[in-house]
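Chain and residue survey
The residues making up each chain are set out below.
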Amino acid sequence: MDEKKVISSTLRYGVIISSILIVSGMLIFIVLHSNSSVNIYAYNTSNIDIFNLNNPLNISLYGLIVLISLPVLIVGEQVIIYSTERDKIYILISLVVLSLMIFAIIIMPRLLH
């Protein structure tokens, strides 16, 4: 398994998917609200219904979530790659990094609120 090809493919497709979601959400928003004075900067992310596709800003938010999740996915891929190579030191390092990333993304915001 070629580590560089796996990681570059993940980055390439992740950025493409993220870009498509962000741009399409913003274009839909512009088309729907071209004549109104909706403040895009006052978008409240605290009560988002993740399945509500009626709000085009949610689509852009999904693109941002995909972009943020790429580093986590890449470190997860590295754990799998190093496991197939049976490289215990790099498995351990990757698991520590993955644990810290998940802690920072999921647990830290709950502790700070």
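Please refer to the structure higher up on the page.
Now for a description of the structure that goes with this document. Predicted model only: the values in this text are computed from it and were never measured. (Residues numbered from 1 in each chain as written. Predicted model: local features only at pLDDT ≥ 70, side-chain atom pairs only at ≥ 80, totals over all residues. Heavy atoms only, no water.)

1. Examining the overall build of the protein chain
Counting secondary structure elements, the protein chain contains three helices and zero strands. Burial status across the protein chain gives 24% buried among its 113 residues. When contacts within the protein chain are restricted to residue pairs at least 6 apart in sequence, those whose partners lie at least 24 apart make up 61%. (Helix = DSSP H or I, 4+ residues; strand = E, 2+ residues; numbered from the N terminus. Buried < 20%, exposed > 50% of the residue type's maximum accessible area, 1.4 Å probe, protein only. Contact = heavy atoms within 4.5 Å.)

2. What about unusual backbone geometry?
One non-glycine residue with positive phi stands out, namely Arg 86, at about 60 degrees. For Arg 86, the position within the fold is in the loop between helix H2 (56–85) and helix H3 (88–112).

3. A word on H3
The end-to-end C-alpha distance of H3, which contains 25 residues, comes to 34 Å, matching closely the 36 Å that a straight helix rising 1.5 Å per residue would cover. By the largest-angle criterion, Ala 104 marks the main kink of H3, which is about 40 degrees. Residues Ile 91, Ser 94 and Leu 98 constitute the buried set of H3. Packing partners of the buried residues in H3 comprise H2. (Expected span 1.5 Å × (residues − 1). Bend = angle between axes of the 7 residues up to and from the residue.)

4. Focus: the side chain of Ser 18
Mapped onto the elements of the fold, Ser 18 is located in helix H1 (residues 3–32). When sequence neighbours within four positions are dropped, the list of residues in contact with Ser 18 reads Gly 63, Leu 64, Val 66 and Leu 67.

5. A word on the packing of H2 against H3
With their axes 9 Å apart at the nearest point, H2 and H3 run at an angle of 155 degrees to one another. It follows that H2 is roughly antiparallel to H3 by the angle criterion. The interaxial crossing formed by H2 with H3 has left-handed handedness. Each of Pro 71, Val 72, Val 75, Gly 76, Gln 78, Val 79, Tyr 82 and Ser 83 in H2 lies in contact with H3, whose residues at this interface are Tyr 90, Ile 91, Ser 94, Leu 95, Val 97, Leu 98, Met 101 and Ile 105. When its residues are assigned to classes, the contact of H2 with H3 shows 12 nonpolar, four polar and no charged. (Axes fitted to C-alpha atoms, helices over the stretch in contact; angles between N-to-C directions. Parallel < 35°, antiparallel > 145°, perpendicular 65-115°, else oblique. Left-handed = near helix turned anticlockwise from the far one by under 90°. Nonpolar A, V, L, I, M, F, W, Y, C, P; charged D, E, K, R; others polar.)

6. Describing the side chain of Ser 94
Within the secondary structure layout, Ser 94 lies in helix H3. When its relative accessible area of 5% is taken as the criterion, Ser 94 is described as buried. Once residues within four sequence positions are removed from consideration, Ser 94 is found in contact with Val 75, Gln 78, Val 79 and Tyr 82.

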